Amino acid sequence: MKKLVFVTNNAHKLSEAKAILNNKVEICSLKEIGCFDEIEETGINLNENAEIKANYVYSLYNLDTFADDTGLEVEALNGAPGVYSARYAGEDGNSEKNIQKLLTELNGKENRKAQFRTVIALIENGEKHFFEGIVKGKIIDKRKGDGGFGYDSVFIPDGYDKTFAELEPEVKNSISHRAKAMQLLVNYFNQKQK
Ligand code: IMP
């Protein structure tokens, strides 16, 4: 099975990735390779940030590596918070504050359409590849559910009536932005084996 380092310090992302890639790609965490660095996300879009993170680890450890960067893109906010989703409420913000700011910005707005977009950068033998996954949905006006992380409690994917934080993890992991991008990563390796 293909073995890849996943560049993230986010335990939620790591467990989602392990569940999604189960039996398809073996994932190594940063901890497992002894990397405890904070990698600064200085890019101006998701591709750049994903590439910065993957490159950092590949160049230090010379191991095939992938990183993801995700943004919540809200139509009525012209695509914000987008690449700045993690720092929406400021550098010392957190998910609670980010959601609060989002709900305040959307207060009174009728258009609640939004999408999560994940970009994965893979660096394999020094070659770069990108994979993108999108899930469309809407932002509700108050938090619902205790599961998931980040903006999950205010996002309802199209075709469902529950937020990502209310849906079973297996459901989120079968339809999410991250699942779609990771499926393309798996397809890439499957294709190579043929
Ligand atoms: P990053 O990809 O770790 O930079 O994430 C950017 C922001 O989006 C952070 O605030 C995350 O909490 C949030 N985020 C990333 N993935 C998800 C998700 O699957 N659901 C909800 N929020 C997410």
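Located above this text is the structure these notes cover.
Residues numbered from 1 in each chain as written. Predicted model: local features only at pLDDT ≥ 70, side-chain atom pairs only at ≥ 80, totals over all residues. Heavy atoms only, no water.

### With respect to the site of the ligand
Not every one of the 14 residues close to the ligand is listed here, only the nearest: Lys13, Thr70, Asp152, His177 and Arg178. Within the side chain of Asp152, an N or O atom sits 2.6 Å from a nitrogen atom of the ligand. Burial of the ligand by the protein chains amounts to 91% of its free accessible area of 470 Å². Contributing elements (two or more residues each) for the shell around the ligand: strand 3 (65–74) and helix 5 (177–193). Among the residues forming the shell around the ligand, the class breakdown is four nonpolar, four polar and six charged. (Near = heavy atom within 4 Å. Polar contact = N/O pair within 3.5 Å; in protein donor to acceptor, adjacent residues only side chain to side chain. Areas by Shrake-Rupley, 256 points an atom, 1.4 Å probe, with all protein chains shown as cover. Helix = DSSP H or I, 4+ residues; strand = E, 2+ residues; numbered from the N terminus. Nonpolar A, V, L, I, M, F, W, Y, C, P; charged D, E, K, R; others polar.)

### A few points about a negative patch on the surface
A cluster of acidic residues, Glu38, Glu40, Glu91 and Asp92, forms a negative patch at the surface. By the secondary structure assignment, Glu91 is in the loop between strand 4 (81–82) and helix 3 (95–106). (Patch = residues over 30% accessible without salt bridge, like charges linked within 9 Å, V, L, I, M, F, W, Y side chains within 5 Å. Salt bridge = Lys/Arg side-chain N within 4 Å of Asp/Glu carboxyl O. Lys, Arg positive; Asp, Glu negative; His and termini not counted. Charge placed at Lys NZ, Arg CZ, Asp CG, Glu CD.)

### Observations concerning the pairing of strand 1 (residues 2–6)
The sheet contact formed by strand 1 and strand 2 (residues 25–28) spans four bridges and is parallel. Bridging across to strand 2, Val5 finds its partner in Cys28. Following the backbone out of strand 1, through helix 1 (residues 11–20) and into the adjacent parallel strand 2, one traces a crossover that is right-handed. (Pairing = 2+ DSSP bridges. Right-handed = clockwise from strand over helix to strand, strands pointing away.)

### A few points about helix 2 (residues 46–61)
Across its 16 residues, helix 2 extends 23 Å between first and last C-alpha, which sits within 8% of the 22 Å expected from 1.5 Å per residue. Residues Leu46, Asn49, Ala50, Lys53, Ala54, Val57 and Tyr58 constitute the buried set of helix 2. The buried side chains of helix 2 occupy one side of the element, clustering within an arc of 160° when seen end-on. Opposite the buried face of helix 2, at more than 90 degrees from it, the exposed residues are Ser59 and Leu60. Packing partners of the buried residues in helix 2 comprise strand 1, helix 1, strand 3 and strand 5 (113–124). For helix 2, the capping residue at the N-terminal end is Asn45, with a side-chain oxygen 3.3 Å from the backbone nitrogen of Asn47. (Expected span 1.5 Å × (residues − 1). Buried < 20%, exposed > 50% of the residue type's maximum accessible area, 1.4 Å probe, protein only. Arc of directions from axis to C-beta. Contact = heavy atoms within 4.5 Å.)

### Overview of the pattern of salt bridges
Scanning all chains against the criterion turns up 14 salt bridges. Between Lys128 and Glu51 there is a salt bridge whose closest N-O contact spans 2.9 Å. In this pair, Lys128 is assigned in strand 6 (residues 127–139) and Glu51 in helix 2, connecting sequence segments 77 residues apart. Using a relative accessible area of 44% as the deciding quantity, one classes Lys128 as partly exposed. Linked through salt bridges whose partners overlap, the residues forming this network are Lys13, Glu16, Asp68, Asp152, Lys172 and Arg178.

### Description of the side chain of Thr163
Relative to the helices and strands, Thr163 resides in the loop between strand 7 (155–157) and helix 4 (169–175). Thr163 sits in the buried class, given a relative accessible area of 0%. Separated by 2.7 Å, the side chain of Thr163 and the backbone oxygen of Lys144 make a polar contact. In this structure Thr163 touches Ile140, Lys144, Asp152, Ser153, Val154, Phe155 and Ile156, once residues within four positions along its chain are discounted.

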